[in-house]
Amino acid sequence: MNPNQQDTIGILNGLVQINNDRIAGYHQASLETKDADLEQLFSSRLNESINFSETLSAYIKDMGGEPALGGTTAGIIHRTWLNFKAALQQHDRIALLESCEFGDKSAIEAYEKALNDESIKADDELKGVLLRQQADIESSLKIIQTLTPRTNSTQAEQDALKLRE
């Protein structure tokens, strides 16, 4: 195995770990929610992440590598925080959505970093796979963001809400 393949395998394994974090995070979120719409969304994102992880693992095996099995340390810490926060907030919808938003933003950043690597840039097929996966995660993030109420409203919005009371 040449050094470029080793680098590529390392990068892909990082993305496998990120997707394993998404799998665990969306699984946990689907268990925590009481809302049918979120349960369906989280289940869909979980399946998406399984597909991504399996696809990346196949590339790793084709290169002679061994796919990562677990997630990242940061992902484990984030899920622990999610569990703690959910327990405190009694499965709060907003907290679950914000946690998933955080996870997807982290995944997008990991894909950005991978796509900037020279060994990935040199492989058009693999680069295309990563770009499609990143676009799907970005789409997921946008859906989650539309469902997450924003607390950073402008003063005019806050004043308008007061008028309705």
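Residues numbered from 1 in each chain as written. Predicted model: local features only at pLDDT ≥ 70, side-chain atom pairs only at ≥ 80, totals over all residues. Heavy atoms only, no water.

The name an unreviewed UniProt entry assigns to the protein chain is PA2169 family four-helix-bundle protein, from the organism Runella salmonicolor.

Caption draft 1: Geometry of the overall build of the protein chain. A tally of helices and strands in the protein chain yields seven helices and zero strands. Reading the protein chain from its N terminus to its C terminus gives the helix and strand order α-α-α-α-α-α-α. Residues counted as buried form 40% of the 165 residues belonging to the protein chain. Restricting to contacts in the protein chain with at least 6 residues of sequence separation, those with at least 24 account for 79%. (Helix = DSSP H or I, 4+ residues; strand = E, 2+ residues; numbered from the N terminus. Buried < 20%, exposed > 50% of the residue type's maximum accessible area, 1.4 Å probe, protein only. Contact = heavy atoms within 4.5 Å.)

Caption draft 2: Main features of the nonpolar core. Leu12, Leu15, Leu56, Tyr111, Leu126 and Leu130 are the most contacted members of the largest nonpolar core, which has 22 residues in total. Where this core is concerned, the elements lending two or more residues are α1 (3-32), α2 (36-62), α4 (93-115) and α6 (124-147). Residue contacts for Leu126: discarding those within four places in its chain leaves Thr8, Leu12, Tyr59, Met63 and Ile120. Among the nonpolar cores identified, the runner-up in size contains 10 residues, and Tyr26, Leu41, Phe42 and Leu96 belong to it. (Core = buried A, V, L, I, M, F, W, Y, C linked by side-chain atoms within 4.5 Å.)

Caption draft 3: Expanded view of the packing of aromatic side chains. Applying the stated criterion across every chain yields a total of one aromatic pair. Their ring planes at 40° and their centres at 5.9 Å tell us that Tyr26 and Phe42 sit as a pair that is tilted. Taken together, the residues span a long stretch of sequence, with Tyr26 in helix α1 and Phe42 in helix α2 at a distance of 16 residues. The class of Tyr26 is buried, set by a relative accessible area of 3%. (Phe/Tyr/Trp six-rings, centres within 6.5 Å; stacked < 30°, edge-to-face > 60°.)

Caption draft 4: Just α4, in detail. Taking 1.5 Å per residue, 23 residues should reach 33 Å; α4 reaches 33 Å between its end C-alpha atoms and fits that length. Of the residues making up α4, those classed as buried are Ala95, Leu96, Leu97, Ser99, Cys100, Glu101, Asp104, Ala107, Ile108, Tyr111, Ala114 and Leu115. (Expected span 1.5 Å × (residues − 1).)

Caption draft 5: Region of interest: the pattern of salt bridges. According to the stated counting rule, one finds seven salt bridges in the structure shown. Residue Glu101 is joined to Lys105 by a salt bridge in which the shortest nitrogen-to-oxygen separation is 3.3 Å. Here Lys105 and Glu101 lie together in helix α4, a separation of four residues that amounts to about one turn. Using a relative accessible area of 7% as the deciding quantity, one classes Glu101 as buried. We classify Lys105 as partly exposed; its relative accessible area is 39%. Taken together, the shared-partner salt bridges connect Arg22, Arg45, Glu48 and Asp104 into one network. (Salt bridge = Lys/Arg side-chain N within 4 Å of Asp/Glu carboxyl O.)

Caption draft 6: Spotlight on the environment of Phe102. With respect to the helices and strands, the residue Phe102 is situated in helix α4. Between the C-alpha atom of Phe102 and that of Leu141, which follows or precedes it by 39 residues, the distance is 9.0 Å.

Caption draft 7: Just the packing of α1 against α4, in detail. Interhelical geometry of α1 versus α4 gives an angle of 170° and a closest axis separation of 10 Å. By the angle class used here, α1 and α4 are roughly antiparallel. Residues Ile11, Leu15, Ile18, Asn19, Arg22, Tyr26, Ala29 and Glu32 of α1 form the contact with α4, whose participating residues are Leu96, Cys100, Asp104, Ala107, Ala110, Tyr111 and Ala114. (Axes fitted to C-alpha atoms, helices over the stretch in contact; angles between N-to-C directions. Parallel < 35°, antiparallel > 145°, perpendicular 65-115°, else oblique.)

Caption draft 8: Layout of α2. For α2, built from 27 residues, the straight-helix expectation of 39 Å at 1.5 Å per residue is met to within 8% by its first-to-last C-alpha distance of 39 Å. With its phi angle positive at about 90°, Gly64 sits one or two positions after the end of α2.

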